Amino acid sequence: MILTAAAGWGVIGVFTRPLTAAGLSAIQTTVVRSLTVLIGMGIFLLLKDKSLFRVKLKDFWIFLGTGLVSIVFFNVCYFLTIGKTTLATASVLLYTAPCFVMLMSAVFFKEKITAQKIAALVIAFLGCALASGFAGGDISLAVLLTGIGSGLGYASYSIFGKVALKKYHTFTLIFYTFFVATIGLLPFSNIVGAASALAVDMTAVLCALGLGLISTFMPYIFYTTGLKHIDAGKASVMAFAEPMVATVAGILIFKETLKLSNAIGILLIFAAIVLLNIPIKKKVKQN
């Protein structure tokens, strides 16, 4: 489930590039993405089980966390970073997220930080840097802060989500996450302008639906469900499959060149995922 979610996130560029070409800003694209999921999930819950809309007011802070911190704060920081540096650098800074997840999971959920997790994290991070074409170089303090901020926001979904899943259904969590995110982003998005741009471009409309359903709705369903059965720290490292899929999608769909460093990066990410799923035998104490 985690790997399927990562694959869905990995092809996000396939849908966002045509939307950018149609004239949508990064914030408008995010609102379209959130609104599509919100409407889709709302209709689904109305047909499936209206009781899943019920939440306790005292628990709404969880959805403020997933919506404002995990979606809005993450996207704003990520788009600011992309605007000031290369996409590769922004991607690598974003994938500081598993470090935060691992540390916060140890504090809040008492998850163990094992040598296996650390080794997989280091290998996957190196693989991400190579697969994305990260070349290093000087970056400003502002870029560093917004980049790490995006990683922190991205990581927070695993933490808030883990808390929410103890009380609410996966579908309830996703609906209210994107409800809060949509409300939080609407004032800054010029949604009328976005709708006007989509109205004259059917390709953009199809890409908006693809972005909302294939690269958002489906991945969040799978990732959130997967969180029920796996450590948050382990899940976040496995999500490194996203840049691997993004690199492959760029090569197959946009005819981007595959360099040796990209290939090595993909292999390292794959190796980290395999390492993370190797069962470690516990030593049995003998009297």
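Residues numbered from 1 in each chain as written. Predicted model: local features only at pLDDT ≥ 70, side-chain atom pairs only at ≥ 80, totals over all residues. Heavy atoms only, no water.

S.K.: What's the story with the packing of helix α4 (residues 60–84) against helix α9 (residues 170–185) in this structure? I'm lost.
M.R.: Helix-helix packing is described using two parameters, namely the angle between the two axes and the distance between the axes. One way to put it is that α4 packs onto α9 with a least axis distance of 8 Å and a crossing angle of 60 degrees. Overall, the two elements α4 and α9 adopt an arrangement that is oblique. The chirality of how α4 crosses α9 is right-handed. Of α9, the residues touching α4 (which contributes Phe-60, Phe-63, Leu-64, Thr-66, Gly-67, Leu-68, Ile-71 and Val-72) are Thr-172, Leu-173, Tyr-176, Thr-177, Phe-178, Val-180, Ala-181, Gly-184 and Leu-185. Class assignment of the residues belonging to the contact of α4 with α9 gives a composition of 12 nonpolar, 5 polar and no charged. (Axes fitted to C-alpha atoms, helices over the stretch in contact; angles between N-to-C directions. Helix = DSSP H or I, 4+ residues; strand = E, 2+ residues; numbered from the N terminus. Parallel < 35°, antiparallel > 145°, perpendicular 65-115°, else oblique. Left-handed = near helix turned anticlockwise from the far one by under 90°. Contact = heavy atoms within 4.5 Å. Nonpolar A, V, L, I, M, F, W, Y, C, P; charged D, E, K, R; others polar.)

S.K.: Whenever I open this one, the side chain of Lys-162 confuses me. Can you help?
M.R.: Summarising the element assignment, Lys-162 is placed in helix α8 (residues 141–164). The side chain of Lys-162 is buried and forms no salt bridge, while Glu-111, the nearest opposite charge, is found at 4.6 Å. There is a polar contact of 2.5 Å between the side chain of Lys-162 and the backbone oxygen of Leu-227. Excluding its chain neighbours within four sequence positions, the residues that come into contact with Lys-162 are Phe-109, Glu-111, Tyr-157, Leu-227, Ile-230, Asp-231 and Ala-232. (Buried < 20%, exposed > 50% of the residue type's maximum accessible area, 1.4 Å probe, protein only. Lys, Arg positive; Asp, Glu negative; His and termini not counted. Salt bridge = Lys/Arg side-chain N within 4 Å of Asp/Glu carboxyl O. Polar contact = N/O pair within 3.5 Å; in protein donor to acceptor, adjacent residues only side chain to side chain.)

S.K.: I'm lost on the packing of helix α13 (residues 241–253) against helix α14 (residues 260–276) in this one. Help?
M.R.: Contact pair α13 / α14: the axes reach a minimum separation of 9 Å and the direction vectors enclose 145 degrees. Considering how the two elements wind past one another, α13 and α14 form a crossing that is left-handed. Contacts between α13 and α14 involve Ala-241, Pro-243, Met-244, Thr-247 and Val-248 on the former and, on the latter, Asn-262, Ile-266, Ile-269, Phe-270 and Ile-273. Residue classes in the contact of α13 with α14 are distributed as 8 nonpolar, 2 polar and no charged.

S.K.: Help me understand the nonpolar core in this model?
M.R.: Across soluble globular proteins, nonpolar side chains show a tendency to be buried alongside one another. The biggest cluster of nonpolar side chains holds 60 residues, and the ones touching the most others in it are Met-41, Tyr-154, Ile-174, Tyr-220, Tyr-223, Val-237 and Phe-240. Top contributing element to this core by residue count: α9, with 9 residues. In contact with Ile-174, not counting residues within four places along its chain, are Val-37, Met-41, Tyr-157, Tyr-220, Ile-221 and Thr-224. (Core = buried A, V, L, I, M, F, W, Y, C linked by side-chain atoms within 4.5 Å.)

S.K.: Explanation requested: the pattern of salt bridges in the structure shown.
M.R.: When charged atoms on two side chains of opposite charge get close, those side chains can pair. In the structure shown here, the tally under the stated rule is 2 salt bridges. A salt bridge links Lys-167 to Asp-59, with the shortest nitrogen-to-oxygen separation between them at 3.0 Å. Here Lys-167 is found in the loop between α8 and α9, whereas its partner Asp-59 is found in the loop between α3 (26–48) and α4, with 108 residues between them in sequence. Judged by its relative accessible area of 52%, Lys-167 falls in the exposed class. On the basis of relative accessibility, which here comes to 3%, the residue Asp-59 falls in the buried class.

S.K.: I keep staring at helix α1 (residues 2–10) and nothing clicks. Help me out?
M.R.: The α-helix advances 3.6 residues per turn, and as a result positions three or four apart in sequence lie on the same side. Here α1 has its buried residues at Ile-2, Ala-5, Ala-6, Gly-8, Trp-9 and Gly-10. Against the buried residues of α1 lie α2 (12–21), α3, α8, α11 (202–226), α12 (232–238) and α13.

S.K.: Explanation requested: the confidence of the model for the protein chain in the structure shown.
M.R.: The predicted coordinates of low-pLDDT regions are not to be read in fine detail. Residue-level pLDDT values for the protein chain average 86, and 94% of them are 70 or greater. Averaged pLDDT values for the elements of the protein chain fall to 74 in helix α5 (residues 87–94) and rise to 94 in α9. (pLDDT = per-residue confidence, 0-100.)

S.K.: So what exactly am I meant to see when it comes to the state of the cysteines here?
M.R.: Note on terminology: disulfide describes a covalent bond linking the sulfur atoms of two cysteines. All told, the structure shown has 0 disulfides when counted by the stated rule. As a non-bridged cysteine, Cys-99 has Cys-128 as the owner of its nearest cysteine sulfur, 11 Å distant. The class for Cys-99 is partly exposed, based on a relative accessible area of 33%. (Disulfide = S-S within 2.5 Å.)

S.K.: Which parts of the structure should I look at to understand the packing of aromatic side chains?
M.R.: Aromatic ring pairs are reported here in terms of the distance separating the ring centres and the angle at which the planes meet. Taken as a whole and judged by the stated rule, the model has 19 aromatic pairs. Ring geometry for Phe-44 against Phe-171: centres 5.0 Å apart, planes inclined by 85 degrees, an arrangement best described as edge-to-face. One end of the pair, Phe-44, is in helix α3; the other, Phe-171, is in helix α9, with 127 residues separating them in the sequence. Judged by relative accessible area, Phe-44 falls into the partly exposed class, the value being 33%. Here the aromatic cluster, defined as three or more aromatic residues joined through ring pairs, consists of Trp-9, Phe-74, Tyr-78, Tyr-95, Tyr-154, Tyr-157, Phe-178, Tyr-220 and Tyr-223. (Phe/Tyr/Trp six-rings, centres within 6.5 Å; stacked < 30°, edge-to-face > 60°.)

S.K.: Teacher, can you tell me more about the environment of Thr-114 here?
M.R.: By secondary structure assignment, the location of Thr-114 is in the loop between α6 (97–108) and α7 (115–131). The exposure class assigned to Thr-114 is partly exposed, which follows from its relative accessible area of 29%. Put simply, Thr-114 and Lys-255 are 141 residues apart on the chain and 39 Å apart in space, counted from C-alpha to C-alpha. Polar contacts involving the side chain of Thr-114 include one to the main-chain amide nitrogen of Lys-117, which spans 3.1 Å.

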